[in-house]
Amino acid sequence: SKRPYVIDEMISAKQIAARIESLAREIEFEFGSTDKLIVVGLLRGSFVFIADIVRELGLPVEVDFLEASSYGNDMESSREVRILKDIRGEIEGRDVLVVEDIVDTGFTLTHVLRLLKGRNPRKLRTIALLDKPSRREADVKADWIGFEIPDEFVVGYGIDYAQRNRNLPFIGKVRFVDEDEV
Ligand code: PRP
Ligand code: MN
Ligand code: MG
């Protein structure tokens, strides 16, 4: 988009780090007996969050990635979820944690969970850094959520707007402005 915008900080890097520490303790408790937890990040948005989560976990982990795209470069969601890249590992009988950056309509997570459940993991859990429950269309909720947020357009910490701003170290809110305000 060529519409000018500014980014206002919504959740600081410090707040995120503190939340991830406490989430990691809960995940360790849930998967305490695992011989190997397979942590599956959904590309591309989860790449920052998954890096933090796995480094905070005191468990033996394997890291894998799956890419399911629903948005393309647009702001609007579509119900169509495409698997662009599948995980590499076998998950039958394994403990699996799916990592998402944000759950919005819920179509992406629903589709991915259906796919992975069909492969008969021993335990399948999900974590999302952000949850926007007011936008939900599919009946799904992550087992762990970093922050519940209102229906704001957010970027940073892996989340993009037209593929930009994923590298911001905090969660910011996009605010569209007039040309002369930028
Ligand atoms: C975004 C976001 C989630 C999904 C959430 O991904 O990272 O994966 O949309 O939306 P939903 O709950 O309405 O399905 P996107 O498809 O934009 O791909 P990206 O992760 O590469 O940005
Ligand atoms: Mn995504
Ligand atoms: Mg996106």
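Per chain, the residues get numbers from 1 upward, laid out in the order the sequence is written. Whichever chain is written first becomes A and whichever ligand is written first becomes 1, with later ones labelled in order. Only residues with pLDDT of at least 70 are given local features in this predicted model, and only at 80 or more are side-chain atom pairs given and counted; all residues enter the totals for whole chains, interfaces and linings.

### What to know about the overall build of the protein
On a plain count of helices and strands, the protein comes out with three helices and nine strands. Going from the N terminus to the C terminus, the protein shows its helices and strands as β-α-β-α-β-β-β-α-β-β-β-β. Our radius of gyration looks at C-alpha atoms and nothing else; its globule reference is 2.2 Å times the residue count to the power 0.38. A compact globule built from 182 residues should have a C-alpha radius of gyration of about 16 Å, and the protein, at 16 Å, falls within 12% of that. By its C-alpha atoms, the protein is 55 × 35 × 25 Å across when sized along the principal axes. Any residue with 12 or fewer other C-beta atoms within 10 Å of its own C-beta is exposed, any with 20 or more is buried, and the rest are partly exposed; the C-beta atoms used are placed from the backbone. Taking all 182 residues of the protein together, 32% fall into the buried category. Note on contacts: residues are paired as contacts if their backbone-placed C-beta atoms lie within 7 Å. Sequence-distant contacts in the protein: of pairs separated by 6 or more residues, those separated by 24 or more amount to 68%. Helix and strand labels come from DSSP, where a helix needs a run of H or I of at least four residues and a strand needs a run of E of at least two; each type is numbered from the N terminus.

### Brief notes about the pairing of strand β5 (residues 95–103)
Burial analysis of β5 places nine of its nine residues in the buried class, which makes it a mostly covered element. Between any two strands, pairing holds if DSSP finds at least two bridges. Looking at chain direction, strand β2 (residues 37–43) and β5 are connected through five bridges and run parallel. Residue pairing for β5: valine 39 is matched across the bridge by leucine 97. As judged from the eight bridges shared by β5 and strand β6 (residues 123–131), these two strands associate in the parallel manner.

### Quick notes on the sheet that holds strand β8 (residues 154–155)
An order of β1-β9-β8 is seen for the three strands of this open sheet, with the pairing classed as antiparallel. Two strands in the sheet have a free side with no partner beyond their single neighbour: β1 (5–11) and β8. Strand direction decides the pairing type here: β1 and strand β9 (residues 171–176), joined by six bridges, are antiparallel. By the bridge assignment for β9, tyrosine 5 is matched with phenylalanine 176.

### Focus: the environment of glutamate 67
Its place among the elements puts glutamate 67 in strand β3 (residues 61–69). With 23 residues separating them in the primary sequence, glutamate 67 and arginine 44 have C-alpha atoms 6.8 Å apart. Apart from residues lying up to four places away in sequence, glutamate 67 is in contact with Leu43, Leu84 and Lys85.

### Observations regarding the confidence of the model for the protein
For the protein, per-residue confidence averages 94 on the pLDDT scale, and residues scoring 70 or more make up 95% of the total. For this predicted complex, the interface confidence comes out at an ipTM of 0.98, alongside a pTM of 0.94. pLDDT measures the predictor's confidence residue by residue and takes values from 0 up to 100.

### Description of the sheet that holds β6
Within the open sheet, the six strands sit side by side as β4-β3-β2-β5-β6-β7. Their pairing is mixed. At either end of the open sheet lies a strand with only one pairing partner, and these are β4 (82–85) and β7 (144–148). Taking the axes of each pair of neighbouring strands and ignoring which way they run, one obtains an average angle of 25° across the sheet. By the bridge criterion, four bridges tie β6 to β7 in an arrangement that is parallel. Following the sheet pairing, isoleucine 127 is matched in β7 by tryptophan 144. Here the axes come from fitting lines to C-alpha atoms, over the contacting stretch only for helices, and the angles between their N-to-C directions go from 0 to 180 degrees. Against the sheet, helix α1 (residues 13–30) makes contact with β5, β6 and β7, and its axis sits at roughly 160° relative to β7, the strand it touches most. Strands β2, β3, β5 and β6 of the sheet are contacted by helix α2 (residues 47–56), whose axis makes an angle of about 160° with β2.

### Structural notes on α1
The terminal C-alpha atoms of α1 lie 26 Å apart, and with 18 residues this matches the ideal 26 Å at 1.5 Å per residue to within 8%. Those residues of α1 lying buried are Ile16, Leu23, Ala24 and Ile27. Seen end-on, α1 carries its buried residues on one side only, within an arc spanning 115°. Opposite its buried face, α1 presents the exposed residues Lys14, Ala18, Glu21, Ser22, Arg25, Glu26 and Phe29, each directed more than 90 degrees away. In this structure, the buried residues of α1 make contact with β1, α2, β5, β6 and β7. What a helix should span is 1.5 Å times the count of its residues minus one. The directions considered for the arc run from the helix axis to the C-beta atoms.

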